Number of protein chains: 2
Amino acid sequence: SVNPDLASERQTASFSVEKLTAWLDGGVENTRTRRAVVEAIECDPVFSRENQYFQSQNERYEAAVRKAVHLQKKMHEMGWTEDGPEYKYISRAVAGDVAFLLHRIFMRSISMLGSDEQIAKWIPLASQYRLIGSYAQTELGHGTYLQGLETTAVFDITTQEFILNTPKISAMKWWPGDMGRSATHTVAFAQLYVHGKCYGVHPFIVQIRSLQDHSLCPGIIAGDIGPKMSFEHADNGFLVLQNVRVPRENMLSKFCEVQPDGSYVRWGSQKINYFTMTSVRISLLLDEVILPMMKACTIAIRYSVVRRQSKLKPGEQEAKILDYQTQQEKLLPQLAAAYAFYFIKDYLQELFDNGYREIQKKNFDMLPELHAFSSGFKAVITQYCASAVEICLRACGGHGYSLLSGLPSLYTKILASCIYEGENTILLLQTARFLIKCFMAASAGQPVPPSVTYLAAVKPRKCPAKNKLDFLSPDIYTEAYQHMAARLVSSTAAKLQELIQSGVKKHDAWNQCTVQLAQAAKAHCHYIAVKNFAETMEKLETQAGIQKIMKHLCDLFALHGIFSNSGVFLHDGYISGAQMDMVTASYLDLLPIIRKDAVPLVDAFDFTDKSLNSALGSYDGHVYQRLYEWAQKSPTNEQMSPAYEKYLKPLLHSKL
Amino acid sequence: SVNPDLASERQTASFSVEKLTAWLDGGVENTRTRRAVVEAIECDPVFSRENQYFQSQNERYEAAVRKAVHLQKKMHEMGWTEDGPEYKYISRAVAGDVAFLLHRIFMRSISMLGSDEQIAKWIPLASQYRLIGSYAQTELGHGTYLQGLETTAVFDITTQEFILNTPKISAMKWWPGDMGRSATHTVAFAQLYVHGKCYGVHPFIVQIRSLQDHSLCPGIIAGDIGPKMSFEHADNGFLVLQNVRVPRENMLSKFCEVQPDGSYVRWGSQKINYFTMTSVRISLLLDEVILPMMKACTIAIRYSVVRRQSKLKPGEQEAKILDYQTQQEKLLPQLAAAYAFYFIKDYLQELFDNGYREIQKKNFDMLPELHAFSSGFKAVITQYCASAVEICLRACGGHGYSLLSGLPSLYTKILASCIYEGENTILLLQTARFLIKCFMAASAGQPVPPSVTYLAAVKPRKCPAKNKLDFLSPDIYTEAYQHMAARLVSSTAAKLQELIQSGVKKHDAWNQCTVQLAQAAKAHCHYIAVKNFAETMEKLETQAGIQKIMKHLCDLFALHGIFSNSGVFLHDGYISGAQMDMVTASYLDLLPIIRKDAVPLVDAFDFTDKSLNSALGSYDGHVYQRLYEWAQKSPTNEQMSPAYEKYLKPLLHSKL
C-alpha cells in the first residue's frame, strides 16, 4: 500500500511516466536491460546496503572488497561483459561502495601508456586478479600541479634498475584509492633522473605488497590515511618509498624510454594524456554526480508531499510542505537542473565521441575544446549538484540530517567530486584560458570551434522581451545567457589587456583577473547548458505530453538562473529592472505548474527503493514507519550502554 | 619550531595580535580568565578529543557522558559557578561532545513554566543529578508547528492524573537530545484534554526510566534514533507513550492549571514563551555557529600559507596558495564575515538585555522586535557560516575532506544549526512579517522601533559614489544596503497588497510572496550587520592599528556582499553598471591588502591546537607531519584487515 498523500500525486500526472523513463534511457530496450541488471544485483544479498549507515570504516572496507570480488563472479555468471549492453548499468546498480576502482585505472594507465610488451605482461595478470593495482600520483604535498611532484626515480645503469624514493614527508603518495590495504602493485609517478639530469614526471610499475602473504615489500611503508567525510569503504592510502628498485622494463614506455645505456628517447605526443583526464571527467559525471543528485531530488520531493506542516489555509488540515512557495523554490529548480545536467552529459559524450573519431585519424584539433568543456562542466556540475543536494537535505528538516534519509551520504559523496579529478577553481581557469584565446582569435577574424563562435558577436544590446510571457521563449532566454557569457569573457579579456598594457606582468595580470575569469567560465557553461536543454526539448515534438513538461522544466532552469544571478544580466542593461520583474514573475508562476508533476517527474528517474536506501524517499511513502524501523536496528539500541554502569549510575545514586 | 612559511606571516603583522585578542575578549582580564579555563580543561585527559575522529557513535556517546559527569566535579574543584566569570568560557573550552545539554533545558523549562512548588520539588533533584532530564517537544511528524503536536494528555478526574499517549506513529517524540539512552525524566509537550475539550499544548513532567536500574517505565518505549551527520555523541531519542499516568501536579503550572474538579484556569501572558526561544537562539550563535566558523577560517588560512602549489611567477618556487586571487576570494570574505558576526552577537545580546530589563518592568513592547531580530539573525548567520565552512573545507582541497582536518565536523555541526531551534526559512518569514508590519505602520506615520525607522524612507535615489575609493566609505555602502533592504521590503509589501486588492485571499497572497519576503528579511539582517560592523569599527579610534585593519575587514564584508548580490543593488538603478565595476575593483583591491594580515587576524581568535583539533590548522604549521602521525593512529591501520584472509587472498591465489 502506498501512502495516500503520495498516491494522489501520481494520479494527476500530465504525462506517461513509463514513456518519460524510456526516453531518458534512450529507448525502452535500454530500460529493460537496466532494470534486469539492477534486479540481478539487488536480489543478491552480498550487494545489500541495509546496514550501510551503521557500519564502521573497517566494516565498510571489508564489505567493499567482498562486493568487488563477488562482482567478478556475478558478471561471469550473468554473462555481462565489458562490451555488452549491461555493463554501463552495473555501477548504477551496485550504487557505490565497491573496491578496486583504482585497479581499473591501473589497467587503463598501462593500456594507454605502456608498450606492447608491458601490456602483454601486466594486463592479463591484472584482469585475472593475480595482482591488485592502484594509481599513485597525488602526494601529501602535491595535487593538481604534477610538475611539482617530489618522488624520484634515479636510473642505476649498473643494475639496469630505477631506484625510487619519496625523499621527504611531503613527497609520500597520499590519497590513492585501493592503496591503503588492498593493492599489491601500483603505477607510481616520479621525477625521472638519468646521469643526474631530470627528465620530468614518468610512471613506474612498483610492487608494494607480497603476493604470498600481503606483507609490505622491502623499502615500502604503506597504510590507510584514515577517516574521511565519505568513501569510508575506500582504502585511500599513503606510500613511502625508500630505495625501492624496479627493473628498467617497469617504466611505462609507449611514449618514451630509458635505454640500457641511459639514453632517453621520446616519441609520440604527450597531448594525448589530456584525453585520459577528459574521458575520466566526463565518465564520472553521470554515476558519481548527476545520478546521486537525481536521487536526492527523488527523496526530497517524495518526502515533501508526505510531510504535512502548518496550515496554508485557515480551517483546513495541515498542508503538504511542497505546497509552500518557499519549498517549491528550494526543490523544483534542483529538479530542473537534474534534467539539464542529465542532458548535458549526452552533449559532452557526443563531443567526446566526435573528438575521439578525429583523434583516431591523428587529428588532434578538437583536444583544446574537449579539455575546456570537460574541465568547465566538471567544475560547474559538481558545484551545482553539491549545493543542490545540500538544499534537498535541508529542505527535509531534521529528518534530512539523519543518515537514514540517505541525503548526508549523497552530499558528502558529491562534495568529494568537487575536489577530486581536478580542483574546480583550477579547472574553471583552464576553461577560461580557452575562452580568452578563442575570444582573441574570433575578434581577430580567425576561425574558432563552432561552440564558441558566439564570443565574436559581443555588442551592446537590449533584451527584446516586452512582458512576462516573452520570458517563456527559449530564444529570448538563450539569447540572454549568450549575451551575458560573451560580455563576461570580453570584459575580462579587456581588463587583462589593460593591465598588461599598463605594465603589469602577464602572470600577475592573469592572477588579478582570475576571480572574473572563473565567473566567465561558469557563465559559458551555464549558457551551453540552457541552450542544450532547449534544443533537447525541441527535438521532442513527436511526444507532446513529455515535451510540454520538459518545456516547463527548461524554462524553470533558465529563469531560475537569471533570477539567482540577476546582477550579471542587469549589469550592462541587457535586461532592465522592469524586465527582471517579469523574469521573477514568470519564474514564480512556473513553480506551482511544475509542482503538480513533481512526483511523476522523479518517479521517471526509476530508482528502486534499494538504490535510494532512504527512509524518506521510498516509493510507498511510508516515511515515519521506516524511520522508526530502521532506527531500532541501530547499534546504539543493541544493549544498555556501558556508560550507564560506569558513569550514569554512580552519578544518579551518589549522595551529593 | 614553527614552519618557516607560517612564521614569516607573523613577522609582518600590521597590528598587535595580543591587543586585538584582548579587545575581542572585551578586556585583557577576560582573556586571562578564558585562557585559564581553557588550560584547566585541556590539561585534563578526560576532556581529550585526541581520538574523536576514530570513534564510533557508541564510543562518542560514552565519552560525552563521561565528560559531562566529570565536568561537574571539575567545576566544583575549580570553584567555577554559574554566576562566575569563568562560566561562559566552559563550553568553548570543552569544544562540544558533552552530554546533558538537554538536562539544562529541562531545568530551564521548569524554572520558567513551573509553579513555585514545582520548582522547589524538581530543581534541587535535577541540579544534584538525582535525575537526568530531557525536553520532549518535537515529534516524528511535527517540528516547527507546535499547534499540530499529536501527543495527548487526558485528565482523569477520578484518579487526579493525566493519561499521556502518543496515539500514532507520527506522534512519537523524535529527536530530543539526552533522551535516547540517558534521561530518566522529560518535559513532554502534549495536547491537554479535560472532559473531552482540548486546551492546546502544555508541558508535563514524565518519568521514563527507573532511577534504580534505568529500565524503561511501564508504558514507555524509548531508544536512540540512530546515526546522524554529526552529534554522534548525543543520544537523540524517540519516545512512545502508552497510557502513561502522571499526577495532576506534573503539569507545569506557572501560567495555567487544571484544578481538581477539572476546571481549567489560565493566568499570566503566554507571550513570554517567545522570550525563551529568543534567548536560546541568541545564546547558541556564539558557541555553536560563530566560534566554529572562526575555527574553520583559522584552519584554512594557516594551511593556505603552508601549502604551496604551482607557480605564480615563472622561475620562482611554488607559491603559497593564499597568494592566488581565487584563494583569497574564497577565504578572506569568510574571515571578514567571522568578525562581522562576532560583533553582531554583541549587538543582539545588548538588544536582548535591554528587552529583558523592560520585561522585568512588565513592559513587553520590545518582544516583537527581539523575536524578529533573533529569528532573522539565527537564520542568516547559520546559513552564512555553514556555507563559509564548506568554502574553507573545499579551499583546503583533498586534505580538507579528511576528517583529520577538523573541517568536516565543523561543517556538519553548523549545518545542523540551520535546522534546529527553528527551520531557517520559517524564521526568515517571521522576521519578514515583522518588517512588513513595521513598513505599513511607518508608511502610515505610526511609530516603529528605531532599528526599522529606515523602512519609512524609501524613495528612488542614486548612489553618489564617483570612483572606486568612494566605495571604501562606510557611509556610502551602509546607505546602499539600507536602500536595498528598504526597497525589497516595500516592493514585496506592494506586491502583497496588489494581490489582495486583486481578490487573492490573504493567506494565498502571503504564500505567493514568501520567496521575496525571505529575501527581504535577509537583506534587512545584512544591512544591520554591515551597519553594526562600521559602528563597532568607528568606536575603535583610540586603537589606530587595530582600527585600520578592522576598517579593511568591514569594507571587505560590505563590498563582498554587494559584489555577490549585485542584482538587488542594480535592479532599480541605485548602483549603476559603472559603479558596480568600481565596487568590483575596490573589492578585489582589498584582497591582497588583507591577505598580508590574514594569519595574525586568525591568530587573534586565540584558539589552542587542542580546541582546533586539526592536522591542518595547528599554530606551528607542521601540516604534513601531523597528517601522517594522525593517520597512523587510525583503527584502519591497527592490523591486517580480515578482508585479506576472507576475500583478497582467495582471489589472488585462485587459478582463474
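Above: the structure in question.
Okay, so let's go over this structure. As the structure is a computational prediction, the values presented were derived from the model and not from experiment. (Residues numbered from 1 in each chain as written. Chains lettered and ligands numbered in written order. Predicted model: local features only at pLDDT ≥ 70, side-chain atom pairs only at ≥ 80, totals over all residues. Heavy atoms only, no water.)

**Some details on the packing of aromatic side chains**
Residues and elements named next belong to chain A.
Step number 1: Counted under the stated rule, the structure contains 51 aromatic pairs over all chains.
Step number 2: Plain terms: the ring middles of F100 and Y129 are 5.6 Å apart, the flat faces sit at 40° to each other, and that makes the pair tilted. On the criterion of sequence distance, the pair formed by F100 in the loop between helix 5 (87–94) and helix 6 (101–113) and Y129 in the loop between helix 7 (116–127) and strand 1 (133–136) is long-range, its members being 29 residues apart.
Step number 3: For F100, a relative accessible area of 2% puts it in the buried group.
Step number 4: Ring plane angle 50° and centroid distance 6.2 Å describe the contact between Y339 and F343, whose orientation is recorded as tilted. Of this pair, Y339 and F343 both sit in helix 9 (residues 325–360), four residues apart, roughly one helical turn.
Step number 5: Judged by its relative accessible area of 1%, Y339 falls in the buried class.
Step number 6: An aromatic cluster of at least three residues, connected via ring pairs, comprises W23, Y339, F341, Y342, F343, Y384, F533, F557, F605 and F607.
Step number 7: A cation over a ring is seen here: K345 above Y342, with NZ or CZ 4.7 Å from the ring centre. (Phe/Tyr/Trp six-rings, centres within 6.5 Å; stacked < 30°, edge-to-face > 60°. Helix = DSSP H or I, 4+ residues; strand = E, 2+ residues; numbered from the N terminus. Buried < 20%, exposed > 50% of the residue type's maximum accessible area, 1.4 Å probe, protein only. Lys NZ or Arg CZ within 6 Å of the ring centre and 35° of its normal.)

**What to know about the packing of helix 2 (residues 17–25) of chain B against helix 3 (residues 28–42) of chain B**
All names here are of chain B.
Step number 1: Contact geometry of helix 2 with helix 3 gives a least axis separation of 7 Å together with a crossing angle of 90°. Viewed along their axes, helix 2 and helix 3 adopt a mutual orientation that is roughly perpendicular. Side by side, helix 2 and helix 3 meet where E18, T21, A22 and D25 of the first sit next to V28, N30, T31, R34 and R35 of the second.
Step number 2: Within the contact of helix 2 with helix 3, the residues separate by chemical class into two nonpolar, three polar and four charged. (Axes fitted to C-alpha atoms, helices over the stretch in contact; angles between N-to-C directions. Parallel < 35°, antiparallel > 145°, perpendicular 65-115°, else oblique. Contact = heavy atoms within 4.5 Å. Nonpolar A, V, L, I, M, F, W, Y, C, P; charged D, E, K, R; others polar.)

**Focus on the relation of the copies chain B and chain A**
Step number 1: The transformation that overlays chain B on chain A combines an axial shift of 0.0 Å with a rotation of 180°, and the residual RMSD is 0.0 Å. As the rotation angle and translation indicate, the two copies are arranged about a two-fold axis. No C-alpha of chain B approaches the rotation axis more nearly than that of G567 of chain B, which lies at 1.7 Å.
Step number 2: Interface residue correspondence from chain B to chain A reaches 100%, placing this contact among same-surface, isologous pairings. (Least-squares fit on C-alpha atoms with pLDDT ≥ 70 in both.)

**Observations regarding the interface of chain B and chain A**
Step number 1: Residue-level contacts link 128 residues of chain B with 128 residues of chain A.
Step number 2: Here chain B packs against chain A, burying approximately 10600 Å² in sum over the two surfaces, 63% of which is carbon and sulfur.
Step number 3: Between the two partners, chain B and chain A, sit four salt bridges.
Step number 4: Between K646 of chain A and E62 of chain B there is a salt bridge; the shortest N-O distance is 2.4 Å.
Step number 5: Between the two partners, chain B and chain A, sit 62 residue pairs in polar contact (both at pLDDT 80 or more).
Step number 6: Sorting elements by how many residues they give to the side of chain B that touches chain A places helix 23 (residues 642–653) of chain B first, with nine residues.
Step number 7: A breakdown of the residues in the side of chain B that touches chain A according to their chemical character gives 58 nonpolar, 46 polar and 24 charged. (Buried area = accessible area lost by both parts, 1.4 Å probe. Salt bridge = Lys/Arg side-chain N within 4 Å of Asp/Glu carboxyl O. Polar contact = N/O pair within 3.5 Å; in protein donor to acceptor, adjacent residues only side chain to side chain.)

**Structural notes on the sheet that holds strand 7 (residues 220–224) of chain A**
Residue and element names in this part refer to chain A.
Step number 1: Here three strands make up an open sheet; going across it, the order is 4-8-7 and the pairing antiparallel. The open sheet is flanked by strand 4 (173–174) and strand 7, the only strands paired with a single partner.
Step number 2: Bridging between strand 4 and strand 8 (residues 237–241) involves two bridges; their strand directions are antiparallel. If you follow W174 over to strand 8, its bridge partner there is F238. (Pairing = 2+ DSSP bridges.)

**Considerations on unusual backbone geometry**
All names here are of chain B.
Step number 1: For N243, which is not a glycine, the phi torsion comes out positive at approximately 50°.
Step number 2: By the secondary structure assignment, N243 is in the loop between strand 8 (237–241) and strand 9 (244–247).
Step number 3: Located in the positive-phi region is D606, a residue other than glycine, with phi close to 65°.
Step number 4: The class for D606 is buried, based on a relative accessible area of 18%.

**So, the environment of L616 of chain A**
Step number 1: Here L616 of chain A lies in the loop between helix 21 (609–612) and helix 22 (623–632).
Step number 2: Sequence separation between L616 of chain A and L627 of chain A is 11 residues; the distance between their C-alpha atoms is 7.5 Å.

**Comments concerning the nonpolar core**
Step number 1: Formed by 343 residues in total, the largest nonpolar core has its most connected members in Y339 and M550 of chain A together with Y339 and M550 of chain B.
Step number 2: Setting aside its immediate chain neighbours within four residues, Y339 of chain B contacts L20, L24, F533, M550, L553, L601, A604 and F605 of chain B. (Core = buried A, V, L, I, M, F, W, Y, C linked by side-chain atoms within 4.5 Å.)

**Concerning the packing of helix 10 (residues 367–395) of chain A against helix 12 (residues 407–417) of chain A**
Residues and elements named next belong to chain A.
Step number 1: It is at 9 Å that the axes of helix 10 and helix 12 come closest, and there the two elements cross at 160°. With respect to helix 12, the element helix 10 is oriented roughly antiparallel. Both helix 10 and helix 12 take part in a crossing whose hand is left-handed. Here helix 10 contributes K378, T382, C385, A386, V389, E390, C392 and L393 to the contact with helix 12, which in turn contributes L407, P408, L410, Y411, I414, L415 and S417.
Step number 2: Its residues assigned to classes, the contact of helix 10 with helix 12 shows 11 nonpolar, two polar and two charged. (Left-handed = near helix turned anticlockwise from the far one by under 90°.)

**Considerations on the pattern of salt bridges**
Step number 1: In the structure shown here, the tally under the stated rule is 66 salt bridges over all chains.
Step number 2: The salt bridge involving K168 of chain B is made with E150 of chain B; its shortest N-O contact spans 3.2 Å. With K168 of chain B in the loop between strand 3 (161–165) and strand 4 (173–174) and E150 of chain B in the loop between strand 1 (133–136) and strand 2 (152–156), this pair connects stretches of sequence that are 18 residues apart.
Step number 3: K551 of chain B is the salt-bridge partner of D555 of chain B, the closest N and O atoms lying 2.7 Å from each other. Taken together, the positions of D555 of chain B and K551 of chain B, both in helix 17 (residues 544–564) and four residues apart, correspond to about one turn of that helix.
Step number 4: Residue class for D555 of chain B comes out buried when judged on its relative accessible area of 2%.
Step number 5: When its relative accessible area of 23% is taken as the criterion, K551 of chain B is described as partly exposed.
Step number 6: Salt bridges sharing common partners tie together E18, D25, R34, R35 and D606 of chain A.

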